[in-house]
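# Geometric and topological summary
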Amino acid sequence: KRQKITIPFPIRTLEISRKRRQLEPQEEIGRARAILEGEPLFNCLTSEQLELLLRESRTIRFGRGEKIIEQDTDGASMFVLLHGAAHVSVSQNGSMIRVGSLRMGDCFGEMSLLTGEQRTATVRAEEDCEVIEIAKPAMAAVLRESPECVVQLSELLAVRKMETEGLLK
């Protein structure tokens, strides 16, 4: 300052090379419905029940590297991956063991939602992700209307739990 010398500040230019078109709410719901209809977890639901589930759910975006769910935390919702990719890992003996990958259409977090147990794994976004979060009250309302779905969901949960335990062993 005494010598009247100004120090230039760095200037950064941010260029976004790929921008996804924002979907209209109806398009987003239609895409989510198509994904849920193809998921075995929701086969027993009617289209009206799926519609109710989607109306009561919310869409959330996660950036690359962000935790979507964390192991050993309480969970009152489940997620369906609408866009992007994520990986599933389990903490065992102080180290994280990668047990799976998730792609568009995959469901996760359903064990905590339906059983009330804590989350059994950590799910982290590998790339920018968009998920639909289905909360416990919305799922409870649908299951009250279709108690026969509880049996199918229980069987799917048992299979997934055995697969996860087998991977860890």
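The following paragraphs examine the structure supplied in this document. (Residues numbered from 1 in each chain as written. Predicted model: local features only at pLDDT ≥ 70, side-chain atom pairs only at ≥ 80, totals over all residues. Heavy atoms only, no water.)

## Notes on the nonpolar core
We apply this condition: The definition of a nonpolar core used throughout is a set of buried Ala, Val, Leu, Ile, Met, Phe, Trp, Tyr and Cys residues joined through side-chain atoms within 4.5 Å. Buried means the residue's accessible area, taken with a 1.4 Å probe over protein chains only, is under 20% of the maximum for its type, while exposed means over 50%, and partly exposed covers the values in between. Only DSSP runs of H or I with at least four residues qualify as helices, and only runs of E with at least two residues qualify as strands; both kinds are numbered from the N terminus onward. Any pair of residues with heavy atoms lying within 4.5 Å of one another is described as a contacting pair.
F42, L45, L53, M78, V80, I134 and M139 are the most contacted members of the largest nonpolar core, which totals 24 residues. Counting only elements with at least two residues in this core, the list comes to α1 (25-37), α2 (47-55), β3 (77-83), β8 (129-135), α4 (136-145) and α5 (148-168). For I134, the contacting residues outside a window of four places in its chain are F42, L53, S57, A76, S77, M78, V80, L113 and M139. L81, A86, V123 and V131 belong to the second-largest nonpolar core, a separate cluster that totals 17 residues.

## Thoughts on the sheet that holds strand β5 (residues 95-102)
Cut-off, in case you're wondering: Here, strands pair whenever DSSP counts at least two bridges between them. Helix axes are fitted to C-alpha atoms over the stretch in contact, other axes to C-alpha atoms as well, and angles between N-to-C directions run from 0 to 180 degrees.
The sheet built from four strands is open, its strands ordered β2-β7-β4-β5 with antiparallel pairing. Bordering the open sheet on either side are β2 (67-69) and β5, each of which pairs with just one other strand. For this sheet the average axis-to-axis angle between neighbouring strands, irrespective of direction, equals 35 degrees. Here seven bridges tie strand β4 (residues 86-92) to β5, and the two strands are oriented antiparallel to one another. Bridging across to β5, A86 finds its partner in L102.

## Examining the environment of G30
On the secondary structure map, G30 appears in helix α1. Given the relative accessible area of 28%, G30 is considered partly exposed. Residues G30 and L54, spaced 24 residues apart in sequence, show a C-alpha to C-alpha distance of 9.5 Å.

## Observations concerning the environment of V90
Among the structural elements, V90 can be located in strand β4. Taking the relative accessible area as the measure of exposure, V90 reaches 4% and is therefore buried. Note: C-alpha distance between V90 and T122 (32 residues apart in sequence) is 6.2 Å.

## Quick look at the pairing of β4
Here β4 lies mainly inside the structure; five of its seven residues are buried. Here β4 folds back onto β5 in antiparallel fashion, the turn holding two residues, of which N93 has a positive phi close to 55 degrees. Two strands pair when backbone bridges link them, and β4 and strand β7 (residues 122-125) are joined in this way by four bridges, in the antiparallel orientation. Among the inter-strand pairings, H87 is bridged to a residue of β7, identified as R124.

## Describing the sheet that holds β3
Pairing is antiparallel across the open sheet formed by four strands, whose spatial order is β1-β8-β3-β6. Here the strands that pair on one side only, and so sit at the sheet edges, are β1 (58-62) and β6 (107-108). Of the strand pairs in this sheet, β1 and β8 are connected by five bridges, and their pairing is antiparallel. Note that in β8 the partner of I60 across the bridge is V131. α4 contacts β3 and β8 of the sheet and is inclined by roughly 55 degrees relative to β8.

## Things to note about unusual backbone geometry
Excluding glycine, a negative phi dihedral is what most residues carry, and trans is how most peptide bonds are arranged. For D72, which is not glycine, the phi torsion reads 65 degrees and is therefore positive. Mapped onto the fold, D72 is located in the loop between β2 and β3. Notably, N93 is not glycine yet its phi reads approximately 55 degrees, a positive angle.

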